[in-house]
Amino acid sequence: MSACGERYRSFVARASALAAALVLSAGAAEAAKVTFRYQPVIGGVNSVAAAGSFNGWNATANPMKDDDKDGVWETVVEIPAGKLEYKFVINGDQWKTDESAADFSSDGFGGKNSVATVGTEPLTVGHGSAVKKAAPAKVGLHKVTFSYPTTTKPQSVHIAGTFNDWTIGRSALSDTDGDGTWTTTLLLPTGSYQYKFVVNSSQWFADPAHQDADTDDGHGGKNSIVNVDDRFPMVSVKRGDGDIFPDGIVHDQSASEVNHFGGGRVEFTAKSHRDDVEGIDLVTWNGGTEKAVPMRIVNRDRVFDYWRSEATLPATGEVPYAFRYRDGKLTRWLTAGGLAESGTEKRFTFTTQRFPAFSTPDWVKHAVIYQIFPDRFRNGNKANDQDFKEWYYEGRATAPPAGQKLNVDAGKEYYHLVSDWNDYSVLTKSPWGKDGRDWMAFYGGDLAGVQQSLDYLKDLGVTAIYFNPVFEAKSTHKYDAADYRKIDPHFGTNEEFKALVTEAKAKGIRVIVDIVYNHSGNTTAQFKEAVEKGPASPTYNWYEFKKWPLPAGWPNPATAFKPADYYYCWWGYGDLPDLNFDLSRNNDAEKSVREVKDAQVNVALVNYLLDATEYWLKDAGVDGLRLDVPNEVPYWFWKLFNERVKKVKPDAYIVGELWGNASDYVRPGMYDAVMNYAFFKDPVQRFLGMGEGSAAEFDAALATGRLTYPTQAVEVQMNLIDSHDTPRFLTQVGGNVKRQMLAALFGMTYVGAPHIYYGDEIAMEGGGDPDCRRPFIWDWEKEPRRVAMHDWYRKLAAIRHAHPALRTGDFRALHAEGLLYAYARSGGGEDFVVAINAGKADAEVPLDLSAFGGAVTATDLVSGARESWTAKTRVKLAGEAGRVFQIRRAGGAKVGSATPLKKKANATAKAGSTTAATKKK
């Protein structure tokens, strides 16, 4: 069984639980039969289910069928009367909004849930329904006060929820009178919102005292729900009315609010209630000299507008600063004491000691990352193919009798080598797996195969290889390490790996390796000794045993047993025993400890892991580390990890596998970046992949990501569209190559490092794990559509490499309406406009080019065609396509429009239309 595959499926379940509020009235007595109907618009649909507030957003509880083969999937569910929120779930992992619904609500992830009202009469929703659109809601905001009582004295309390993208730090509570009750007031539009209180940035608590309802949070707990309606007083907020709403306007001096680039360059972020103020100035007093810098709106959520500006401050000493809010004739100052009439007291203070510089690896900003799942990329040395002679394969390399299924839950496994590289059908049509899937099939891919393909990768434009784990392990995925300092013998040797790294670097390609430190395999020498010797073993406490000894005959006992009854293991999988970092707490409790001083550190284990990390950086020469399930490891460990990594190799890349908002991890002393599922993959999949939602929603989701993380981290995010943990993008879009080409064009021209999952560049397909890990198709040149996709990726990568502005230039949205999106990238005297049509029909994107000086010449960098544009022009786009233009003044000179773009940005307050400048360091 694949750890990664299960993690993906569990993530979908968790994400869906967070995706919308449960708004049904508790204990409703009446109910009605609701018919859900869905008609797919793409091919490749194997299953459809209805999920929503009626079933806890369970993706499998209410499957739909197309019994009459009319192309419409249906199911009937009896649902209590009240408000119903729902989505359709396609192929188990694609969540679709019913665009024909009567009403919609935010799903908390930049999209929307469909909404219907259930009464006592039968109701049909979805395809062919005749529901009436809901009456427009009252325009305005409601004043909602949240309270959190505590008997302790926390350092901080925040509220996070669907109204602020579940971001810690955006909405702080305060206890100004010291009575132990922390409060804040938010201005919210009518609607239902999930939320929790976050204490000390790490402990999450529901609010049962004041909630209207609750829903599963996907982690065994509950999210609270508040239904904002006429119970809460309405508030009028308007720019220029000479009034500034003060509640909730604080500046915590968090990592997302004070961002030190280094060299004294500091980026500050402030906030105001949405549409409430005309302007904010950052005011500093450097050496007693006052300087004011206008700030600009860079993003907004449903509560706040967010403003940014930059200042250059001295490397030593203290610099006081404050924020001056302007609206009409009214001026207020935000200081440590809150909004006040004067800015002379309680000013904030900046020091480099408190705000150390955050430097991310410059090479990643210019990288194109190629992910390789080693067993499936290329077999370059058949001599090291799997022979299953290692001790841990004993009794696990023999096929079950004909007609019998493997009972994996009872520890029965069948590891085997597939002789035909091109036969991927065994992954999903296994005669031994209960569900037909086979995670134990090896294909023989190895390091030699990668080494033989370096020229192919270089020609494609790849500058970094991200390897899934290469350490010795029993599984095909290798997330069950047997030895953290040894290459799996069926991939090659340590020396062969070092040679590969050296040759790759000579070709301009760096190497990133995947590690998992939350758990090891049960095949490590340390675990094996602990099982055999028990407490007498020096590594017994490297793991957390609940009882010992294990059943006789381990690892192949005569009778089945439940490993989780004997030791902590990841999600109950006995092959993946959890590592024990904190000797004073069990595995569940140790994860929440943030500071090393508060833990009883398992020194031997921690040193072993850090030493192994140093080996791969220093001895093997790798330049990056991808961290698997890092949020399940104590937070304090990653601080030690960062310290060791940056000491050994200051420009090493640390990237975490975190699927949601990871602002607490991407900061100085922690990670450089994450795999950008939340703020790249998800919105790209929805808008560019499926043509769902709107360009405005797409722009807002992207802007939230650029605001959530420091600018220098945004530039090194690993921007993926699929991975070994997800269905391949092309499969998710029903084989529509135009959709994938559109997504690739966006990724190669957006902020951050574009990621290619091996084979995407040749139009490979694959469903959920393990089907997404098919062997690479090395005869791809025989198929025109694969050749066309390869040429497209190669061309786009070449364009990106040729123009620094597409890698580190400023980003600004130019147009975001309907299914049409356009943006500019500017820097180093270069300017580019990228226009995208996510709709099926041909269209024209209207552009205002006044910021570029009016009339310009636009060169299409793919076709080479030139167009003359006026100050207001319309760019023609084919359906499901995009274009990349380099902009020059009509006379032929480069526009060099970084300055005018910024001036225009200062003057506008449009949501999502301007973003933080991704400045070149």
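Residues numbered from 1 in each chain as written. Predicted model: local features only at pLDDT ≥ 70, side-chain atom pairs only at ≥ 80, totals over all residues. Heavy atoms only, no water.

Asker: Got a minute to help me understand the sheet that holds strand S18 (residues 258-262) in this structure?
Answerer: The pairing of strands in a sheet comes from backbone hydrogen bonds and takes either a parallel or an antiparallel form. Taken in spatial order, the four strands of this open sheet run S18-S19-S23-S22, and their pairing is antiparallel. Since the sheet does not close on itself, it has two edges, and those belong to S18 and strand S22 (296-300), each with one partner. Within this sheet the neighbouring strands show an average axis-to-axis angle of 30 degrees, counted without direction. One ladder, built from four bridges, connects S22 with strand S23 (residues 304-312); its direction is antiparallel. Bridged to Asn-299 within S23 is Tyr-306. (Pairing = 2+ DSSP bridges. Helix = DSSP H or I, 4+ residues; strand = E, 2+ residues; numbered from the N terminus. Axes fitted to C-alpha atoms, helices over the stretch in contact; angles between N-to-C directions.)

Asker: Is there a simple way to explain the sheet that holds strand S37 (residues 673-674) in this structure?
Answerer: Judged by pairing direction, the sheet is parallel, and its eight strands sit side by side in the order S37-S36-S35-S34-S31-S28-S39-S38 without closing on themselves. For this open sheet the edge positions go to S37 and strand S38 (718-719), each flanked by a neighbour on one side alone. Each of strand S31 (464-467) and strand S34 (510-515) is contacted by helix H5 (residues 494-506), which is oriented at about 140 degrees to S34, the strand it contacts most. (Contact = heavy atoms within 4.5 Å.)

Asker: Is there a simple way to think about the pairing of strand S40 (residues 810-817) in this case?
Answerer: Here is the key point about a regular strand: its side chains alternate between the two faces of the sheet. Here seven bridges tie S40 to strand S41 (residues 820-827), and the two strands are oriented antiparallel to one another. Bridge pairing links Ala-816 to Tyr-821 in S41. The hairpin formed by S40 and S41 contains two residues between the paired strands, and Gly-818 there has a positive phi angle of roughly 60 degrees.

Asker: Even after reading the chapter, I still don't get the packing of helix H10 (residues 677-689) against helix H14 (residues 737-749), so can you show me in this structure?
Answerer: Helices that pack against each other are described as a pair by the angle of their axes relative to one another and the distance between those axes. Packing of H10 against H14 brings their axes to within 10 Å, and their N-to-C directions diverge by 135 degrees. Here H10 lies oblique to H14, going by the angle between them. As H10 runs across H14, the sense of the crossing is right-handed. In contact with Phe-680, Val-684, Phe-687, Leu-688 and Gly-689 of H10, H14 contributes Arg-739, Leu-742, Ala-743, Phe-746 and Gly-747. Its residues assigned to classes, the contact of H10 with H14 shows seven nonpolar, two polar and one charged. (Parallel < 35°, antiparallel > 145°, perpendicular 65-115°, else oblique. Left-handed = near helix turned anticlockwise from the far one by under 90°. Nonpolar A, V, L, I, M, F, W, Y, C, P; charged D, E, K, R; others polar.)

Asker: Teacher, can you tell me more about helix H11 (residues 695-708) here?
Answerer: Because each turn of an α-helix spans 3.6 residues, side chains separated by three or four positions in sequence point in the same direction. If you check H11, its first and last C-alpha atoms are 20 Å apart, about what 14 residues at 1.5 Å a residue would give, namely 20 Å. All of the buried residues in H11 are Ala-695, Phe-698, Asp-699, Ala-701, Leu-702, Ala-703, Thr-704, Gly-705, Arg-706, Leu-707 and Thr-708. (Expected span 1.5 Å × (residues − 1). Buried < 20%, exposed > 50% of the residue type's maximum accessible area, 1.4 Å probe, protein only.)

Asker: Would you explain the packing of aromatic side chains in this entry?
Answerer: For any pair of aromatic rings, the description rests on two quantities: the centre-to-centre distance and the angle between the ring planes. One pass over the structure, following the stated rule, counts 78 aromatic pairs. Seen in terms of ring centroids, Trp-638 and Tyr-671 are 5.8 Å apart; in terms of plane orientation they differ by 75 degrees. Their pairing is edge-to-face. Linking Trp-638 in helix H9 (residues 635-648) with Tyr-671 in the loop between strand S36 (653-656) and S37, this pair joins segments that are 33 residues apart in sequence. Classification of Tyr-671 as buried rests on a relative accessible area of 0%. (Phe/Tyr/Trp six-rings, centres within 6.5 Å; stacked < 30°, edge-to-face > 60°.)

Asker: How should I be thinking about helix H8 (residues 603-619) in this particular structure?
Answerer: The end-to-end C-alpha separation of H8 is 23 Å, in line with the 24 Å expected for 17 residues at 1.5 Å each. For H8, every residue scored as buried is listed here: Leu-605, Val-606, Leu-609, Leu-610, Ala-612, Thr-613, Tyr-615, Trp-616 and Leu-617. In this fold, the buried residues of H8 make contact with strand S32 (471-473), strand S33 (481-487), H5, strand S35 (624-627) and H9. One or two residues past the end of H8 sits Gly-621, with phi positive at roughly 85 degrees.

Asker: How do you make sense of the side chain of Asp-276 when you look at a structure like this?
Answerer: Relative to the assigned elements, Asp-276 resides in the loop between strand S19 (265-273) and strand S20 (279-286). Buried and unpaired, Asp-276 has no salt bridge, with Arg-239 as the nearest side chain of opposite charge at 8.3 Å. At a separation of 2.8 Å, a polar atom in the side chain of Asp-276 contacts the main-chain amide nitrogen of Phe-245. When near neighbours in sequence (up to four residues on either side) are disregarded, Asp-276 contacts Val-237, Lys-238, Arg-239, Asp-243, Ile-244, Phe-245 and Asp-327. (Lys, Arg positive; Asp, Glu negative; His and termini not counted. Salt bridge = Lys/Arg side-chain N within 4 Å of Asp/Glu carboxyl O. Polar contact = N/O pair within 3.5 Å; in protein donor to acceptor, adjacent residues only side chain to side chain.)

Asker: Just checking my understanding: could you explain the pattern of salt bridges for this structure?
Answerer: When their charged atoms lie close together, side chains carrying opposite charge are able to pair. Counted by the stated rule, this structure contains 56 salt bridges. Linking Asp-488 and Lys-478 is a salt bridge whose minimum nitrogen-to-oxygen distance equals 3.0 Å. Of this pair, Asp-488 sits in the loop between S33 and H5 while Lys-478 sits in the loop between S32 and S33; the two residues are 10 residues apart in sequence, bridging distant segments of the chain. Relative accessible area serves as the criterion here: at 1%, Asp-488 is assigned to the buried category. A relative accessible area of 2% means that Lys-478 is categorised as buried.

Asker: Please explain the pairing of strand S24 (residues 319-327) as it appears in this structure.
Answerer: Bridge count for S20 against S24 is six bridges, and the pairing is antiparallel. Bridge pairing in S24 places Gly-279 opposite Arg-326. When S24 meets strand S27 (residues 348-350), the two strands line up antiparallel, connected through three bridges. Within S27, the residue paired with Tyr-321 across the bridge is Phe-348. Here S24 runs beside strand S25 (residues 330-335); their pairing, made up of five bridges, is antiparallel. Bridging from a neighbouring strand, Arg-324 pairs with Trp-333 of S25. Linking S24 to S25, which pair antiparallel, is a turn of two residues; within it Gly-328 sits at a positive phi near 60 degrees.

Treat this as a map of the structure, not an account of what it does.
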